[in-house]
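Summary of the model geometry
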Amino acid sequence: MNSSIPATKPQTGPPPRVLIVDDEPTLREMIEDVVRDGIRCRVVCASNLLEARNILITQSIDILIADVNLPDGDGTSLLALLHRHQPTASAIVITGDPTLASAITAIRAGALDFVPKPFTNEQLMDRLRSALDRQARANKADQRFTRLKVAVKRLNESRRLISRKVDLLCNDLVSAYGDLSRQLDDVRTQEGFRKAIAGAKDLEQLLCHAMDWLLREVGYSNVAVYLAGDDGDFQLGAYMKYTLAGDARLTDAVKRVLLPPTAREAVLHTNINTFEKRFTAPEFQLLKNQDLLAVNCTYLGESLASVLFFRDMRSPFTADDEAVVRSISAIFAISLATVVRDPQADDGGASAQESEPDQPPRPRHDPADWWKQGDDSPY
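Below is a short write-up of the structure. (Residues numbered from 1 in each chain as written. Predicted model: local features only at pLDDT ≥ 70, side-chain atom pairs only at ≥ 80, totals over all residues. Heavy atoms only, no water.)

With that settled, the discussion passes to the overall build of the chain. Along the chain, the regular secondary structure elements total 11 helices and 12 strands. When the 379 residues of the chain are sorted by exposure, 39% land in the buried category. Counted over contacts in the chain with a minimum sequence separation of 6, partners at least 24 positions apart contribute 63%. Summing over all exposed atoms, the chain offers an accessible surface of approximately 21600 Å²; the carbon and sulfur share of this is 52%. (Helix = DSSP H or I, 4+ residues; strand = E, 2+ residues; numbered from the N terminus. Buried < 20%, exposed > 50% of the residue type's maximum accessible area, 1.4 Å probe, protein only. Contact = heavy atoms within 4.5 Å. Areas by Shrake-Rupley, 256 points an atom, 1.4 Å probe, with all protein chains shown as cover.)

See below:
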(Lines give C-alpha, C1' and ligand atoms only; values in the text may rest on other atoms or scores of the structure.)
Protein backbone atom coordinates (compact mmCIF):
# COMPACT_ATOMS: atom_id res chain seq x y z
CA MET A 1 0.00 0.00 0.00
CA ASN A 2 1.05 3.57 -0.63
CA SER A 3 2.09 5.21 2.64
CA SER A 4 1.31 8.76 1.45
CA ILE A 5 -1.74 10.04 3.37
CA PRO A 6 -3.43 13.31 2.36
CA ALA A 7 -3.91 15.89 5.08
CA THR A 8 -7.28 15.96 6.80
CA LYS A 9 -9.29 18.89 8.05
CA PRO A 10 -8.77 19.85 11.68
CA GLN A 11 -11.34 18.10 13.88
CA THR A 12 -13.28 19.64 16.72
CA GLY A 13 -14.97 17.92 19.59
CA PRO A 14 -14.14 14.50 21.02
CA PRO A 15 -12.21 12.18 18.67
CA PRO A 16 -14.32 9.54 16.94
CA ARG A 17 -14.01 5.92 18.03
CA VAL A 18 -13.14 3.54 15.19
CA LEU A 19 -13.61 -0.23 15.53
CA ILE A 20 -11.44 -2.40 13.20
CA VAL A 21 -12.54 -6.02 12.86
CA ASP A 22 -10.18 -8.35 10.91
CA ASP A 23 -8.71 -11.77 11.66
CA GLU A 24 -5.34 -10.94 10.02
CA PRO A 25 -3.12 -9.26 12.65
CA THR A 26 -0.80 -7.68 10.05
CA LEU A 27 -3.65 -6.16 8.07
CA ARG A 28 -5.39 -5.09 11.27
CA GLU A 29 -2.25 -3.31 12.49
CA MET A 30 -1.67 -1.71 9.09
CA ILE A 31 -5.24 -0.35 8.97
CA GLU A 32 -4.85 0.89 12.55
CA ASP A 33 -1.63 2.75 11.62
CA VAL A 34 -3.24 4.30 8.54
CA VAL A 35 -6.26 5.44 10.52
CA ARG A 36 -4.21 6.83 13.39
CA ASP A 37 -1.91 8.70 11.02
CA GLY A 38 -4.70 10.07 8.88
CA ILE A 39 -7.19 11.34 11.52
CA ARG A 40 -7.35 12.15 15.19
CA CYS A 41 -9.26 9.21 16.55
CA ARG A 42 -9.38 6.39 19.09
CA VAL A 43 -8.96 2.94 17.58
CA VAL A 44 -10.39 -0.30 18.98
CA CYS A 45 -9.61 -3.67 17.39
CA ALA A 46 -11.28 -7.09 17.30
CA SER A 47 -10.24 -10.30 15.55
CA ASN A 48 -13.65 -12.02 15.32
CA LEU A 49 -17.38 -11.55 15.58
CA LEU A 50 -17.59 -12.39 19.29
CA GLU A 51 -15.05 -9.74 20.29
CA ALA A 52 -16.65 -7.19 17.98
CA ARG A 53 -20.13 -7.81 19.36
CA ASN A 54 -18.96 -7.35 22.94
CA ILE A 55 -17.34 -4.04 21.99
CA LEU A 56 -20.43 -2.80 20.12
CA ILE A 57 -22.68 -3.64 23.09
CA THR A 58 -20.48 -2.06 25.75
CA GLN A 59 -18.74 0.84 23.99
CA SER A 60 -19.66 3.81 21.84
CA ILE A 61 -18.45 3.35 18.24
CA ASP A 62 -18.62 5.96 15.47
CA ILE A 63 -16.99 4.09 12.55
CA LEU A 64 -16.91 0.32 11.98
CA ILE A 65 -14.34 -1.15 9.54
CA ALA A 66 -15.08 -4.87 9.23
CA ASP A 67 -13.83 -7.70 7.02
CA VAL A 68 -16.55 -9.85 5.47
CA ASN A 69 -14.78 -13.17 6.04
CA LEU A 70 -14.13 -13.76 9.75
CA PRO A 71 -13.32 -17.04 11.49
CA ASP A 72 -16.69 -17.22 13.24
CA GLY A 73 -18.99 -15.73 10.60
CA ASP A 74 -19.85 -12.96 8.17
CA GLY A 75 -18.64 -9.51 9.20
CA THR A 76 -21.67 -7.86 7.62
CA SER A 77 -23.77 -9.39 10.41
CA LEU A 78 -22.22 -6.77 12.73
CA LEU A 79 -23.95 -3.94 10.87
CA ALA A 80 -27.40 -4.63 12.33
CA LEU A 81 -25.94 -4.70 15.86
CA LEU A 82 -24.03 -1.48 15.17
CA HIS A 83 -27.10 0.43 14.03
CA ARG A 84 -29.22 -0.95 16.86
CA HIS A 85 -26.80 0.36 19.52
CA GLN A 86 -25.28 3.30 17.57
CA PRO A 87 -28.01 4.55 15.15
CA THR A 88 -25.87 7.35 13.67
CA ALA A 89 -22.66 5.31 13.27
CA SER A 90 -21.21 4.46 9.83
CA ALA A 91 -19.74 1.18 8.54
CA ILE A 92 -17.10 0.30 5.89
CA VAL A 93 -16.94 -3.30 4.71
CA ILE A 94 -13.67 -4.75 3.28
CA THR A 95 -13.25 -8.08 1.53
CA GLY A 96 -10.63 -10.06 -0.38
CA ASP A 97 -13.31 -11.72 -2.55
CA PRO A 98 -15.31 -8.82 -3.99
CA THR A 99 -18.41 -9.63 -6.00
CA LEU A 100 -21.42 -7.61 -7.01
CA ALA A 101 -23.65 -9.79 -4.87
CA SER A 102 -21.48 -9.32 -1.79
CA ALA A 103 -21.37 -5.56 -2.36
CA ILE A 104 -25.15 -5.37 -2.66
CA THR A 105 -25.54 -7.47 0.49
CA ALA A 106 -23.25 -5.18 2.44
CA ILE A 107 -24.98 -1.99 1.25
CA ARG A 108 -28.40 -3.44 2.05
CA ALA A 109 -27.17 -4.35 5.53
CA GLY A 110 -26.35 -0.68 6.11
CA ALA A 111 -22.74 -0.32 5.02
CA LEU A 112 -21.73 3.15 3.89
CA ASP A 113 -18.96 1.82 1.62
CA PHE A 114 -17.56 -1.44 0.23
CA VAL A 115 -13.75 -1.64 -0.22
CA PRO A 116 -12.18 -4.60 -2.06
CA LYS A 117 -8.71 -5.87 -1.18
CA PRO A 118 -6.04 -4.89 -1.98
CA PHE A 119 -6.59 -1.17 -1.38
CA THR A 120 -4.27 1.79 -1.00
CA ASN A 121 -3.96 4.06 1.98
CA GLU A 122 -5.57 6.86 -0.02
CA GLN A 123 -8.53 4.65 -0.91
CA LEU A 124 -9.07 3.66 2.69
CA MET A 125 -8.73 7.25 3.95
CA ASP A 126 -11.12 8.56 1.28
CA ARG A 127 -13.71 6.06 2.46
CA LEU A 128 -12.99 6.94 6.08
CA ARG A 129 -13.26 10.67 5.47
CA SER A 130 -16.58 10.15 3.68
CA ALA A 131 -17.78 8.15 6.65
CA LEU A 132 -16.61 10.84 9.08
CA ASP A 133 -18.32 13.57 7.04
CA ARG A 134 -21.50 11.58 7.04
CA GLN A 135 -21.08 10.97 10.76
CA ALA A 136 -20.59 14.69 11.41
CA ARG A 137 -23.66 15.59 9.38
CA ALA A 138 -25.70 12.96 11.18
CA ASN A 139 -24.48 14.23 14.57
CA LYS A 140 -25.33 17.81 13.64
CA ALA A 141 -28.77 16.76 12.44
CA ASP A 142 -29.27 14.79 15.63
CA GLN A 143 -28.18 17.77 17.74
CA ARG A 144 -30.50 20.08 15.79
CA PHE A 145 -33.32 17.61 16.26
CA THR A 146 -32.57 17.41 19.99
CA ARG A 147 -32.52 21.20 20.26
CA LEU A 148 -35.74 21.37 18.28
CA LYS A 149 -37.39 18.90 20.64
CA VAL A 150 -36.23 20.96 23.63
CA ALA A 151 -37.50 24.15 21.96
CA VAL A 152 -40.85 22.54 21.15
CA LYS A 153 -41.14 21.27 24.71
CA ARG A 154 -40.42 24.74 26.09
CA LEU A 155 -42.84 26.24 23.59
CA ASN A 156 -45.56 23.83 24.70
CA GLU A 157 -44.85 24.65 28.34
CA SER A 158 -45.04 28.36 27.53
CA ARG A 159 -48.24 27.80 25.59
CA ARG A 160 -49.79 25.92 28.50
CA LEU A 161 -48.65 28.64 30.91
CA ILE A 162 -50.08 31.37 28.68
CA SER A 163 -53.27 29.35 28.26
CA ARG A 164 -53.63 29.03 32.04
CA LYS A 165 -53.00 32.76 32.47
CA VAL A 166 -55.52 33.58 29.75
CA ASP A 167 -58.05 31.27 31.42
CA LEU A 168 -57.44 32.96 34.76
CA LEU A 169 -57.74 36.38 33.16
CA CYS A 170 -60.95 35.38 31.41
CA ASN A 171 -62.32 33.99 34.65
CA ASP A 172 -61.38 37.22 36.42
CA LEU A 173 -63.05 39.25 33.68
CA VAL A 174 -66.17 37.09 33.84
CA SER A 175 -66.21 37.41 37.62
CA ALA A 176 -65.66 41.17 37.43
CA TYR A 177 -68.38 41.50 34.81
CA GLY A 178 -70.71 39.45 37.00
CA ASP A 179 -69.93 41.63 40.01
CA LEU A 180 -70.46 44.79 37.98
CA SER A 181 -73.70 43.43 36.55
CA ARG A 182 -74.96 42.60 40.04
CA GLN A 183 -73.97 46.05 41.28
CA LEU A 184 -75.82 47.66 38.39
CA ASP A 185 -78.85 45.49 39.12
CA ASP A 186 -78.70 46.61 42.75
CA VAL A 187 -78.49 50.25 41.68
CA ARG A 188 -81.47 49.86 39.34
CA THR A 189 -83.44 48.08 42.05
CA GLN A 190 -82.62 50.71 44.66
CA GLU A 191 -83.48 53.57 42.34
CA GLY A 192 -86.78 51.93 41.46
CA PHE A 193 -87.61 51.51 45.14
CA ARG A 194 -86.61 55.10 45.96
CA LYS A 195 -88.87 56.35 43.19
CA ALA A 196 -91.77 54.21 44.41
CA ILE A 197 -91.66 55.51 47.99
CA ALA A 198 -90.53 59.06 47.21
CA GLY A 199 -94.10 60.43 47.29
CA ALA A 200 -95.03 58.87 50.64
CA LYS A 201 -96.21 61.62 53.02
CA ASP A 202 -96.64 59.58 56.19
CA LEU A 203 -95.85 56.23 57.72
CA GLU A 204 -99.00 54.56 56.52
CA GLN A 205 -98.42 55.66 52.94
CA LEU A 206 -94.75 54.66 53.12
CA LEU A 207 -95.73 51.15 54.18
CA CYS A 208 -98.37 51.03 51.48
CA HIS A 209 -96.02 52.12 48.70
CA ALA A 210 -93.18 49.88 49.89
CA MET A 211 -95.39 46.79 50.07
CA ASP A 212 -96.92 47.54 46.68
CA TRP A 213 -93.44 47.78 45.07
CA LEU A 214 -92.10 44.70 46.83
CA LEU A 215 -95.07 42.57 45.84
CA ARG A 216 -94.58 43.59 42.24
CA GLU A 217 -90.92 42.50 42.46
CA VAL A 218 -91.13 39.21 44.39
CA GLY A 219 -94.62 38.16 43.30
CA TYR A 220 -97.70 36.98 45.14
CA SER A 221 -97.01 36.32 48.82
CA ASN A 222 -98.17 37.01 52.34
CA VAL A 223 -96.31 40.01 53.75
CA ALA A 224 -95.86 41.09 57.35
CA VAL A 225 -94.08 44.32 58.30
CA TYR A 226 -92.99 44.69 61.91
CA LEU A 227 -91.84 48.08 63.19
CA ALA A 228 -89.58 48.73 66.15
CA GLY A 229 -91.22 50.70 68.98
CA ASP A 230 -89.67 53.11 71.44
CA ASP A 231 -89.22 50.27 73.93
CA GLY A 232 -87.26 48.22 71.36
CA ASP A 233 -90.11 45.77 70.94
CA PHE A 234 -91.53 45.07 67.49
CA GLN A 235 -95.16 45.65 66.63
CA LEU A 236 -97.06 44.67 63.53
CA GLY A 237 -97.15 47.67 61.20
CA ALA A 238 -98.87 46.09 58.21
CA TYR A 239 -99.98 42.71 56.94
CA MET A 240 -100.91 41.72 53.41
CA LYS A 241 -102.89 38.53 52.87
CA TYR A 242 -102.24 36.32 49.90
CA THR A 243 -103.30 32.90 51.19
CA LEU A 244 -103.15 33.25 55.00
CA ALA A 245 -105.29 35.67 56.99
CA GLY A 246 -103.32 37.91 59.29
CA ASP A 247 -105.15 37.14 62.52
CA ALA A 248 -103.41 37.68 65.84
CA ARG A 249 -102.57 34.00 66.31
CA LEU A 250 -100.56 33.94 63.08
CA THR A 251 -98.88 37.36 63.38
CA ASP A 252 -97.94 36.76 67.02
CA ALA A 253 -96.41 33.39 66.10
CA VAL A 254 -94.43 34.99 63.27
CA LYS A 255 -93.19 37.70 65.61
CA ARG A 256 -92.17 35.29 68.37
CA VAL A 257 -90.49 32.61 66.22
CA LEU A 258 -89.31 34.27 63.00
CA LEU A 259 -88.27 37.81 63.99
CA PRO A 260 -85.27 36.81 66.18
CA PRO A 261 -83.47 34.78 63.46
CA THR A 262 -84.27 37.52 60.94
CA ALA A 263 -82.58 40.09 63.17
CA ARG A 264 -79.53 37.84 63.53
CA GLU A 265 -79.18 36.90 59.86
CA ALA A 266 -80.11 40.27 58.29
CA VAL A 267 -81.57 38.30 55.34
CA LEU A 268 -83.23 34.97 56.03
CA HIS A 269 -84.33 32.59 53.29
CA THR A 270 -85.52 29.21 54.47
CA ASN A 271 -88.47 26.83 54.83
CA ILE A 272 -90.70 27.61 57.82
CA ASN A 273 -90.84 23.86 58.51
CA THR A 274 -87.31 24.14 59.95
CA PHE A 275 -88.84 26.07 62.88
CA GLU A 276 -91.56 23.48 63.57
CA LYS A 277 -90.48 22.77 67.15
CA ARG A 278 -90.65 26.46 68.07
CA PHE A 279 -94.30 26.80 67.09
CA THR A 280 -97.26 25.38 68.91
CA ALA A 281 -99.08 22.66 66.99
CA PRO A 282 -101.95 24.96 65.92
CA GLU A 283 -99.50 27.67 64.87
CA PHE A 284 -97.48 25.25 62.81
CA GLN A 285 -100.60 24.01 61.06
CA LEU A 286 -101.12 27.58 59.84
CA LEU A 287 -97.55 28.08 58.59
CA LYS A 288 -96.29 24.65 57.54
CA ASN A 289 -94.92 24.16 54.03
CA GLN A 290 -94.36 27.89 53.60
CA ASP A 291 -91.18 29.28 52.02
CA LEU A 292 -89.86 32.23 54.00
CA LEU A 293 -87.94 35.29 52.84
CA ALA A 294 -87.26 37.90 55.53
CA VAL A 295 -85.09 41.00 55.80
CA ASN A 296 -84.05 43.09 58.78
CA CYS A 297 -83.89 46.85 58.02
CA THR A 298 -81.34 48.80 60.06
CA TYR A 299 -80.32 52.46 60.23
CA LEU A 300 -77.09 53.50 61.97
CA GLY A 301 -76.87 50.07 63.52
CA GLU A 302 -80.42 50.22 64.89
CA SER A 303 -83.07 47.77 63.72
CA LEU A 304 -86.14 49.75 62.63
CA ALA A 305 -88.20 47.10 60.85
CA SER A 306 -88.41 43.53 59.66
CA VAL A 307 -90.27 42.54 56.50
CA LEU A 308 -91.30 38.90 56.07
CA PHE A 309 -92.65 37.25 52.92
CA PHE A 310 -94.02 33.69 52.95
CA ARG A 311 -95.86 31.56 50.43
CA ASP A 312 -96.31 27.91 49.50
CA MET A 313 -92.98 26.13 49.17
CA ARG A 314 -94.02 24.86 45.75
CA SER A 315 -93.36 28.43 44.55
CA PRO A 316 -90.18 29.23 46.50
CA PHE A 317 -88.47 32.60 46.48
CA THR A 318 -85.46 32.88 44.21
CA ALA A 319 -81.94 34.22 44.63
CA ASP A 320 -83.09 37.28 42.65
CA ASP A 321 -85.90 37.84 45.16
CA GLU A 322 -83.36 37.62 47.96
CA ALA A 323 -81.11 40.14 46.19
CA VAL A 324 -84.06 42.56 45.84
CA VAL A 325 -84.99 42.61 49.53
CA ARG A 326 -81.35 42.80 50.54
CA SER A 327 -80.65 45.80 48.30
CA ILE A 328 -83.65 47.90 49.51
CA SER A 329 -83.45 47.13 53.23
CA ALA A 330 -81.23 50.10 54.11
CA ILE A 331 -83.28 52.48 51.96
CA PHE A 332 -86.48 51.36 53.66
CA ALA A 333 -84.89 51.86 57.09
CA ILE A 334 -83.71 55.38 56.19
CA SER A 335 -87.17 56.26 54.86
CA LEU A 336 -88.77 54.98 58.08
CA ALA A 337 -86.39 57.07 60.16
CA THR A 338 -87.15 60.14 58.03
CA VAL A 339 -90.93 59.72 58.25
CA VAL A 340 -90.92 59.08 62.00
CA ARG A 341 -88.72 62.07 62.75
CA ASP A 342 -90.44 64.49 60.32
CA PRO A 343 -92.81 66.70 62.37
CA GLN A 344 -95.06 67.15 59.33
CA ALA A 345 -95.37 63.40 58.76
CA ASP A 346 -97.96 62.94 61.56
CA ASP A 347 -100.44 65.44 60.12
CA GLY A 348 -99.88 64.38 56.53
CA GLY A 349 -98.46 67.77 55.59
CA ALA A 350 -101.24 69.81 57.26
CA SER A 351 -98.81 72.51 58.37
CA ALA A 352 -97.81 73.14 54.80
CA GLN A 353 -101.43 73.45 53.77
CA GLU A 354 -102.23 75.84 56.66
CA SER A 355 -99.37 78.14 55.60
CA GLU A 356 -101.11 78.62 52.26
CA PRO A 357 -104.86 78.96 53.12
CA ASP A 358 -105.76 80.28 49.68
CA GLN A 359 -104.37 77.24 47.89
CA PRO A 360 -106.85 74.37 47.33
CA PRO A 361 -105.69 71.04 48.73
CA ARG A 362 -103.87 68.98 46.09
CA PRO A 363 -105.18 65.48 45.39
CA ARG A 364 -102.96 62.82 46.89
CA HIS A 365 -104.33 59.80 45.10
CA ASP A 366 -101.65 57.31 44.14
CA PRO A 367 -102.22 53.85 42.59
CA ALA A 368 -99.95 52.43 45.26
CA ASP A 369 -102.38 53.64 47.96
CA TRP A 370 -104.95 50.97 47.04
CA TRP A 371 -104.44 49.19 50.38
CA LYS A 372 -104.73 52.39 52.45
CA GLN A 373 -107.78 53.57 50.48
CA GLY A 374 -109.59 50.25 50.69
CA ASP A 375 -109.45 49.58 46.95
CA ASP A 376 -109.42 46.07 45.50
CA SER A 377 -106.01 44.38 45.33
CA PRO A 378 -104.33 44.79 41.93
CA TYR A 379 -102.73 41.35 42.35
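Picking up after the structure, the text goes on.
Proximity of charged atoms lets side chains of opposite charge pair with each other. Counted under the stated rule, the structure contains nine salt bridges. The shortest N-O distance in the salt bridge between Arg129 and Asp126 comes to 3.5 Å. Separated by three residues within a single helix, Arg129 and Asp126 lie in helix H5 (residues 121–197), roughly one turn from each other. The buried category is assigned to Arg129, whose relative accessible area is 18%. (Salt bridge = Lys/Arg side-chain N within 4 Å of Asp/Glu carboxyl O.)

Let us now look at a nonpolar patch on the surface. A cluster of nonpolar side chains, Phe145, Leu148 and Val152, forms an exposed patch at the surface whose accessible area comes to about 280 Å². With respect to the helices, strands and loops of the structure, Leu148 is situated in helix H5. (Patch = residues over 30% accessible without salt bridge, like charges linked within 9 Å, V, L, I, M, F, W, Y side chains within 5 Å.)

Attention now moves to the sheet that holds strand S10 (residues 267–271). With antiparallel pairing, five strands are arranged side by side in an open sheet as S9-S8-S12-S11-S10. Two strands bound the open sheet, and with one partner strand each, they are strand S9 (234–240) and S10. Recorded for the sheet is a direction-independent mean angle of 15 degrees between the axes of neighbouring strands. Inspection of the sheet shows strand S8 (residues 222–228) paired to S9 by six bridges, in the antiparallel sense. (Pairing = 2+ DSSP bridges. Axes fitted to C-alpha atoms, helices over the stretch in contact; angles between N-to-C directions.)

Here we take up the nonpolar core. Formed by 34 residues in total, the largest nonpolar core has its most connected members in Val225, Val307, Phe309 and Phe332. The element best represented in this core is helix H9 (residues 319–341), accounting for nine residues. Here Val307 is in contact with Leu214, Val223, Ala224, Val225, Leu293, Ala294, Val295, Cys297 and Phe332, once residues within four sequence places are set aside. Core analysis: the second largest hydrophobic core is formed by 23 residues, Ile55, Leu82, Ala89 and Ala91 among them. (Core = buried A, V, L, I, M, F, W, Y, C linked by side-chain atoms within 4.5 Å.)

Here we come to the environment of Ala266. Mapping Ala266 onto the fold places it in the loop between helix H7 (248–265) and S10. Put simply, Ala266 and Arg326 are 60 residues apart on the chain and 8.2 Å apart in space, counted from C-alpha to C-alpha. Discounting chain neighbours no more than four positions away, the residues touching Ala266 are Ala294, Val295 and Asn296.

Turning next to a positive patch on the surface. On the surface, Lys153, Arg159, Arg160 and Arg164 cluster together into a patch of positive charge. Looking at where Arg159 falls in the secondary structure, it is placed in helix H5. Among the residues examined, Arg159 registers a relative accessible area of 49% and is labelled partly exposed. (Lys, Arg positive; Asp, Glu negative; His and termini not counted. Charge placed at Lys NZ, Arg CZ, Asp CG, Glu CD.)

This part covers helix H6 (residues 203–218). Here H6 is 16 residues long and its end C-alpha atoms lie 22 Å apart, about the 22 Å a rise of 1.5 Å per residue gives. The buried fraction of H6 amounts to 12 of the 16 residues, a majority that puts the element mostly inside the structure. Sitting at the head of H6, Asp202 places a side-chain oxygen 3.3 Å from the backbone nitrogen of Glu204. One or two residues past the end of H6 sits Gly219, with phi positive at roughly 95 degrees. (Expected span 1.5 Å × (residues − 1). Polar contact = N/O pair within 3.5 Å; in protein donor to acceptor, adjacent residues only side chain to side chain.)

Turning to unusual backbone geometry, a few remarks are in order. Positive phi outside glycine occurs at Ala266, with the angle close to 70 degrees. Classification of Ala266 by relative accessible area gives partly exposed; the value is 35%.

Helix length check: helix H1 (residues 25–38), at 14 residues, gives a terminal C-alpha distance of 20 Å against a target of 20 Å (1.5 Å per residue), a fit within 8%. Residues of H1 that are buried: Leu27, Arg28, Ile31, Glu32, Val34, Val35 and Gly38. What you see down the axis of H1 is that its buried residues fit within an arc of 165 degrees, all on one side. When the buried face of H1 is taken as reference, the exposed residues oriented beyond 90 degrees from it are Thr26 and Asp37. (Arc of directions from axis to C-beta.)

Remember, this is a structural readout, not a statement about activity or role.
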